[in-house]
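If you want the building blocks of each chain, they are given just below.
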Amino acid sequence: MKIFMAPFLALVLLCPSCHSKWTTHTACKDDKLELLYQSCDPLQDFGFSVDHCNNPLSENLKIRFGIILRYNIKELFLDVNLFAMGKSVYSFSYPVCETDFPQFSFCGRRKGENIYYAGDINKPAFPIVKGEYHILLRLYNENNSTVVCANFTVLSY
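Summarised in this report is the structure supplied together with it. These figures come from a predicted structure and were not determined experimentally. (Residues numbered from 1 in each chain as written. Predicted model: local features only at pLDDT ≥ 70, side-chain atom pairs only at ≥ 80, totals over all residues. Heavy atoms only, no water.)

**A few points about the overall build of the protein chain**
When its secondary structure is counted, the protein chain shows one helix and ten strands. Listed N to C, the secondary structure of the protein chain is α-β-β-β-β-β-β-β-β-β-β in terms of helices and strands. Taking all 157 residues of the protein chain together, 32% fall into the buried category. Long-range pairs, those at least 24 residues apart, make up 57% of the contacts in the protein chain with a sequence separation of at least 6. With an accessible surface of roughly 10200 Å², the protein chain has 60% of that area assigned to carbon and sulfur atoms. (Helix = DSSP H or I, 4+ residues; strand = E, 2+ residues; numbered from the N terminus. Buried < 20%, exposed > 50% of the residue type's maximum accessible area, 1.4 Å probe, protein only. Contact = heavy atoms within 4.5 Å. Areas by Shrake-Rupley, 256 points an atom, 1.4 Å probe, with all protein chains shown as cover.)

Structural data, given as structure tokens:
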């Protein structure tokens, strides 16, 4: 049995990109709304959760996020793209960490350190129309190295 497991374990540890996709995780779920996510970075997964999964979404959305950094983040930028019925309906970019204006405690973290954020995202409350929506989120540093890449699926019933 040990002889069989050794090559399997070596393959898993030495070839992280041999598998094509990460598992789809559930960030929150209730009878009217479900939020699923999957890392689109072939080398790294991350943790994410939403405390209350309500539709309409409340003004103060409480989230948790955790990851171990593969790159330094002197500066950090966010790109978000929203798709509905296969078409892009909304896109925006946002500087999360700038050299002269670090907005969060994790700004300036180095490779190998972890980021854990638990807090509010303040936004206007709004209902999510019934349907399926896809959100592509990418966080990248000043060298355009991807820190986090995520595909979110929002299912509103």
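**Focus on the side chain of Gln38**
Counting through the fold element by element, Gln38 comes out in strand β2 (residues 33–39). Since its relative accessible area comes to 16%, Gln38 is described here as buried. Setting aside anything within four residues of it in sequence, one finds Gln38 in contact with Lys21, Trp22, Thr23, Thr24, Cys149, Ala150 and Asn151.

**A word on the sheet that holds strand β10 (residues 146–156)**
Working definition: the strands of a sheet are paired by backbone hydrogen bonds and lie parallel or antiparallel to each other. Within the open sheet, the seven strands sit side by side as β1-β2-β10-β9-β5-β6-β7. Their pairing is antiparallel. Of all strands in the sheet, those bounded by a partner on one side alone are β1 (25–29) and β7 (101–102). Taken together, the nine bridges between strand β5 (residues 76–84) and strand β9 (residues 131–141) define a ladder with antiparallel strand orientation. Within β9, the position partnered with Leu82 by the bridge is Ile135. (Pairing = 2+ DSSP bridges.)

**Notes on the sheet that holds strand β3 (residues 47–50)**
Spatial ordering of the open sheet is given by β3-β4-β8, a layout of three strands whose pairing is antiparallel. Bordering the open sheet on either side are β3 and β8 (114–122), each of which pairs with just one other strand. Each strand axis lies, on average, 10° off the axis of its neighbour in the sheet, ignoring direction. Judged from the nine bridges that link them, strand β4 (residues 60–68) and β8 form a sheet pairing that is antiparallel. The residue of β8 that forms the bridge with Phe65 is Tyr117. (Axes fitted to C-alpha atoms, helices over the stretch in contact; angles between N-to-C directions.)

**Examining the state of the cysteines**
Inspection of the entire model under this criterion finds three disulfides. Here Cys40 is linked by a disulfide to Cys149, with a sulfur-sulfur distance of 1.8 Å. Taking the torsion about the sulfur-sulfur bond, which here is approximately -95°, the covalent link between Cys40 and Cys149 counts as left-handed. With a gap of 109 residues between them, Cys40 in the loop between β2 and β3 and Cys149 in strand β10 connect regions that are remote in the sequence. Note on Cys149: relative accessible area 14%, which makes it buried. (Disulfide = S-S within 2.5 Å.)

**What to know about unusual backbone geometry**
The omega torsion of the bond from Asn55 to Pro56 falls at 15°, within 30 degrees of zero and hence cis. If you trace the backbone, Pro56 turns up in the loop between β3 and β4. Of note in this structure, Met85 is not a glycine but carries a positive phi near 50°. Along the polypeptide, Met85 turns up in the loop between β5 and β6 (87–98). Classification of Met85 as exposed rests on a relative accessible area of 81%.

**With respect to the packing of aromatic side chains**
Per the stated rule, a full pass over the model turns up nine aromatic pairs. For the pair Tyr90 and Phe92, a centre-to-centre distance of 5.7 Å together with 50° between the ring planes defines the contact as tilted. Look at Phe92 and you get partly exposed, because its relative accessible area is 32%. An aromatic cluster is defined as three or more aromatic residues linked by ring pairs; in this entry it consists of Tyr37, Phe46, Phe48, Phe65 and Phe152. (Phe/Tyr/Trp six-rings, centres within 6.5 Å; stacked < 30°, edge-to-face > 60°.)

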